[in-house]
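Spelled out, the chains give:
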Amino acid sequence: RRVTRTANLGESPIAWLARRRDGAGRSWLTLGEIAAAEKLREDFVLAGTVGRLTMAWDAGPRASGGRGPGQDPAERARAAKDRIARALDAVGPGLREILEHVCFAGSALEAAERGLGLPRRSGKTVLKLALQRLAAHYGIG
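Residues numbered from 1 in each chain as written. Predicted model: local features only at pLDDT ≥ 70, side-chain atom pairs only at ≥ 80, totals over all residues. Heavy atoms only, no water.

*Asks:* So, a positive patch on the surface: which residues are in play, and what are the values?
*Replies:* A cluster of basic residues, Arg20, Arg120, Arg121 and Lys124, forms a positive patch at the surface. By the element assignment, arginine 121 lies in the loop between helix H5 (109-116) and helix H6 (123-138). (Patch = residues over 30% accessible without salt bridge, like charges linked within 9 Å, V, L, I, M, F, W, Y side chains within 5 Å. Areas by Shrake-Rupley, 256 points an atom, 1.4 Å probe, with all protein chains shown as cover. Salt bridge = Lys/Arg side-chain N within 4 Å of Asp/Glu carboxyl O. Lys, Arg positive; Asp, Glu negative; His and termini not counted. Charge placed at Lys NZ, Arg CZ, Asp CG, Glu CD. Helix = DSSP H or I, 4+ residues; strand = E, 2+ residues; numbered from the N terminus.)

Okay, structure coming up:
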């Protein structure tokens, strides 16, 4: 039997997981964990590690010597990479890898489990622990 499913390829894996509900209609991720994951993913995109296919037409004029929106793109990317490094260090070894698979590479939980050599159905627990530590690092409740 074939099952056809539609997917929004622009949606982050965390947003997809956040929409998943248990039998009582609750998400297994808290709002703080979701926000922390999206913040990490946003920094990953800002760091420029994904690459760009087109010109950045949304970039405004640079402010002279200041920080913020007028900051040099290379400086913004470096600052994002530093924030990523601090966040992953706070999460710690053994948990950071699942964040790299799910938040950065966009892997499904099952694929992340296989890639990390985790037992089946343990990815959800490992990801939850990693996101709890990440939310604590960001100070998101």
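*Asks:* Pulling in residues and values, what's your account of the pattern of salt bridges?
*Replies:* Going through the model one piece at a time under the given rule, you end up with five salt bridges. Of the charged contacts, one joins lysine 128 and glutamate 33 as a salt bridge, the two residues approaching to 2.8 Å between their closest N and O atoms. In this pair, lysine 128 sits in helix H6 while glutamate 33 sits in helix H2 (residues 31-46), placing the two residues 95 residues apart along the sequence. Assessed through its relative accessible area of 3%, glutamate 33 is described here as buried. Among the ionic pairs, aspartate 43 bridges to arginine 83, the shortest N-O distance being 2.7 Å. In this pair, aspartate 43 is assigned in helix H2 and arginine 83 in helix H3 (residues 73-91), connecting sequence segments 40 residues apart. Accessibility expressed as a relative area gives 29% for arginine 83, which makes it partly exposed. One connected set of salt bridges, linked through shared partners, spans Asp89, Arg96 and Glu100. (Buried < 20%, exposed > 50% of the residue type's maximum accessible area, 1.4 Å probe, protein only.)

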